[in-house]
Amino acid sequence: MVDRANRPSALSAPKASAPGAQVDIVGQGGSQKVVATLSSGESVEVLLFGATVTSWKSNGGQTENLWLSEKADLTGSKAVRGGIPVVFPVFGPPPKSGHATSSLPQHGFARASRWDFLGKSDTEDASETNSVKLDFGLDKSGLSEDARKAWPLDFGLVYSVTLSKGTLQTVMTVRNEGEESFEFQFLLHSYWKIQDISKVTVTGLSGTEYVDKVLDATTHQQKDNSLKFTGEVDRVYKAIPQDTTSILEDGKPRFDVIRDNVKDTVTWNPWIEKAKAMGDFSPDDGYKTMVCIEIGAVDGWQKLEKGEVWEGGQLVKSLL
Ligand SMILES: O=P(O)(O)OC[C@H]1O[C@@H](O)[C@H](O)[C@@H](O)[C@@H]1O
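Since this is a predicted model, take the numbers as computed values, not measurements.

Glancing now at the site of the ligand. Taken together, the neighbourhood of the ligand is formed by Arg 81, Phe 91, Gln 106, His 107, Arg 111, His 189, Lys 213, Asp 234, Val 266, Trp 268 and Glu 294. At 3.0 Å, a side-chain N or O of Arg 81 approaches an oxygen atom of the ligand. Calculation on the ligand without its partners gives an accessible area of 390 Å², and the protein chains cover 83% of this total. Looking at side-chain class alone, the shell around the ligand contains three nonpolar, three polar and five charged residues.

Written out as C-alpha cells, the structure reads:
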C-alpha cells in the first residue's frame, strides 16, 4: 500500500505538481489551511496547525466523513477537537517521570505545532491521475520553546495526506536526525462522522487484547467480532493481527480503516458526561454522531537510532 522507497525524506522538496487537482492555501496566520479538490469534486482540508485534517469529502464532495466540533478552535491556539489530530511523540498522559517524554503535554506536541506545507505531488501510481498527495513537515525548529525544552531531540516528520476518489491515506515518516536514539509513540486521533452511534458496530478487533481505560485500566480480551457503543468507551487495542477495522452503521459498511505498519487502535466515544465536560466539544449530544477509531503505535515505544526512519499510517475507505 505504501511505497517506502519513494517517501520524501524529512523536509525534502516535493515532486512535480498533480494534474486534475486544485490545491490552494487559504486563510491567514494560525487559521491557514491547504484545500485540495479533485476534478470529480472530492476534497480535503488540512490546517497547518497540527497538520490536522479538518474535512474529507467523498462522493463527488457530497459526503463529509470527518466529525468536527462546532466549538473546535481553528485559529492555531489549541489542538483541534475533531478531524484527524496527529498524536506524537507520546499518546495520552506521558509517563510520570523517567522518560524523555515525561514533561510533554497529553498526546505530545505534533497536534499543537504549526507544520510547513511542503507541496503537492503525483501519487505513486502514475495512471491514477485523479488523486493528489499533500506533504507536511515538522522538525525541531517548528516547535514552541516549551516543547523544544521538554523534548530537545533532533527529528524530522513528514506527514503525507493522499486524497483519491473514495479513499484518504494519511502516513507519517519519522526520522532521527540527531546523534542519540529516541523513543516515540504515534497515533492518528481520527473522529469519524456517523449518523447514529446506537446503530454503529466496529468489527475486526476480535481475539485482541485491550486496555479498558474506563473500566479498570487492566487488560481484557475482545471475544466477539462486534464492538457496540452503549456508554463511554476508551480502549487501547494492542497488537491487532488483522489489518482492517471496519465501522458499520445499521449493519452496512461505512468505513474501512486499514493499518499500515502499525498494530494498535484506540476506540473512543466520550458519551454524555465527558462530552459535556469538554469546553470545545459541541453540540453536547455530538457524541451521537462521532466515533474515534484511532490507529497507531502506542503499545510500548518505537525506537529510532541515529539516522533511522520509521513509517506508519492508515488508508481509509469511505463506503457510502
Ligand atoms: O481531550 P484529548 O486530549 O483530545 O483526548 C481525548 C481522548 O483521546 C483518546 O485517544 C484517549 O484514549 C482518551 O483517554 C482521551 O480522553
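Look at the UniProt record and you will see "active site" (unreviewed entry) annotated at His 189 and Glu 294. The annotated residues occupy 106 residues of the chain but converge on a single region, no pair of C-alpha atoms lying more than 4.8 Å apart. Not counting residues up to four positions away in its chain, the partners in contact with His 189 are Gly 83, Ile 84, Pro 85, Val 87, His 107, Trp 268, Cys 292 and Glu 294. Note that Glu 294 resides in strand β21 (residues 290–304). Leaving out residues up to four positions away in the same chain, Glu 294 has contacts with Phe 91, Leu 187, Leu 188, His 189, Ser 190, Asp 264, Thr 265, Val 266 and Trp 268.

Moving on, we get to the sheet that holds strand β18 (residues 244–249). With respect to topology, nine strands assemble into an open sheet ordered β7-β8-β9-β10-β22-β19-β18-β13-β16, the strand pairing being antiparallel. Single-partner strands in this sheet number two, and they are β7 (116–121) and β16 (227–228). Bridge count for strand β19 (residues 252–260) against strand β22 (residues 309–318) is six bridges, and the pairing is antiparallel. In the sheet register, Val 257 faces β22, and the bridge partner there is Val 316.

Our next topic: the UniProt feature "binding site: substrate" (unreviewed entry) in the protein. Under the present numbering, the feature "binding site: substrate" (unreviewed entry) in UniProt falls on Arg 81, Gln 106 and Arg 111. For this annotated set, covering 31 residues, all C-alpha atoms fall within 13.8 Å of each other, a compact arrangement in space. Along the chain, Arg 81 turns up in the loop between β5 (63–64) and β6 (86–87). Setting aside anything within four residues of it in sequence, one finds Arg 81 in contact with Trp 67, Leu 68, Ser 69, Ala 72, Tyr 191, Trp 268, Met 278, Asp 280 and Phe 281. Take Gln 106: it is sitting in the loop between β6 and β7. For Gln 106, the residues in contact, after removing those within four places along its chain, are Gly 92, Pro 93, Pro 94 and Arg 111.

Now for the pairing of strand β17 (residues 233–238). Among the six residues of β17, six are classified as buried, and the element is accordingly described as predominantly covered. With burial as the criterion, each face of β17 is covered, one bearing Val 233, Arg 235 and Tyr 237 and the other bearing Asp 234, Val 236 and Lys 238. Of the pairings in the sheet, the one linking strand β14 (residues 209–212) to β17 comprises four bridges and is antiparallel in character. Looking at β17, one finds that Asp 212 is bridged to Arg 235. In this structure, β17 lies alongside strand β20 (residues 264–269), joined through five bridges in antiparallel fashion. Looking at the pairing, Val 233 lines up with Asn 269 of β20.

For the rest of this paragraph, the subject is the environment of Lys 276. Mapped onto the elements, Lys 276 comes out in helix α2 (residues 271–277). Taking relative accessible area as the criterion, Lys 276 reaches 48% and is therefore assigned partly exposed. In this structure the C-alpha to C-alpha distance between Lys 276 and Tyr 287, which are eleven residues apart in sequence, comes to 9.4 Å.

In this section: the confidence of the model for the protein. For residues with low pLDDT, the predicted coordinates do not support detailed interpretation. Taken as a whole, the protein shows an average pLDDT of 93; of its residues, 92% reach a score of 70 or greater. In this model, residues 1–17 is a region of pLDDT below 50 whose contacts with residues beyond four sequence positions or in other chains number 48 contacts. For this predicted complex, the interface score ipTM comes out at 0.98, while the overall pTM is 0.93.

The geometry of an aromatic ring pair comes down to the distance between the two centres and the angle between the two planes. With the rule as written, the count across this model stands at 20 aromatic pairs. Summarising the aromatic geometry, the rings of Phe 88 and Phe 184 are spaced 5.4 Å apart at their centres and angled 45 degrees between planes, so their arrangement reads as tilted. Of this pair, Phe 88 sits in the loop between β6 and β7 while Phe 184 sits in strand β11 (residues 182–188), and the two are 96 residues apart along the sequence. Like Phe 184, Phe 88 is buried. Here the aromatic rings of Tyr 191 and Trp 268 are separated by 6.0 Å at their centres, their planes lie at 85 degrees, and the arrangement is edge-to-face. Taken together, the residues span a long stretch of sequence, with Tyr 191 in strand β12 (residues 191–193) and Trp 268 in strand β20 at a distance of 77 residues. Neither Tyr 191 nor Trp 268 differs from the other in exposure class; each is buried. Among the aromatic residues, those joined into a ring-pair cluster are Phe 88, Phe 109, Trp 151, Phe 155, Phe 182, Phe 184, Phe 186 and Trp 310.

Take the nonpolar core next. Core analysis: the largest hydrophobic core is formed by 74 residues, its most contacted members being Phe 136, Tyr 159 and Trp 192. In terms of residue count, the dominant contributor to this core is β21 (seven residues). Not counting residues up to four positions away in its chain, the partners in contact with Tyr 159 are Ala 51, Val 53, Ile 84, Val 86, Trp 115, Leu 134, Asp 135, Phe 136, Thr 170, Val 171, Met 172 and Leu 188. Residues Leu 187, Val 236, Val 266 and Val 298 belong to the second largest nonpolar core, which totals seven residues.

Cut-off values and rules
- Residues numbered from 1 in each chain as written.
- Predicted model: local features only at pLDDT ≥ 70, side-chain atom pairs only at ≥ 80, totals over all residues.
- Heavy atoms only, no water.
- Near = heavy atom within 4 Å.
- Polar contact = N/O pair within 3.5 Å; in protein donor to acceptor, adjacent residues only side chain to side chain.
- Areas by Shrake-Rupley, 256 points an atom, 1.4 Å probe, with all protein chains shown as cover.
- Nonpolar A, V, L, I, M, F, W, Y, C, P; charged D, E, K, R; others polar.
- UniProt positions renumbered as here; feature names shortened; annotations may be inferred.
- Contact = heavy atoms within 4.5 Å.
- Helix = DSSP H or I, 4+ residues; strand = E, 2+ residues; numbered from the N terminus.
- Pairing = 2+ DSSP bridges.
- Buried < 20%, exposed > 50% of the residue type's maximum accessible area, 1.4 Å probe, protein only.
- pLDDT = per-residue confidence, 0-100.
- Phe/Tyr/Trp six-rings, centres within 6.5 Å; stacked < 30°, edge-to-face > 60°.
- Core = buried A, V, L, I, M, F, W, Y, C linked by side-chain atoms within 4.5 Å.

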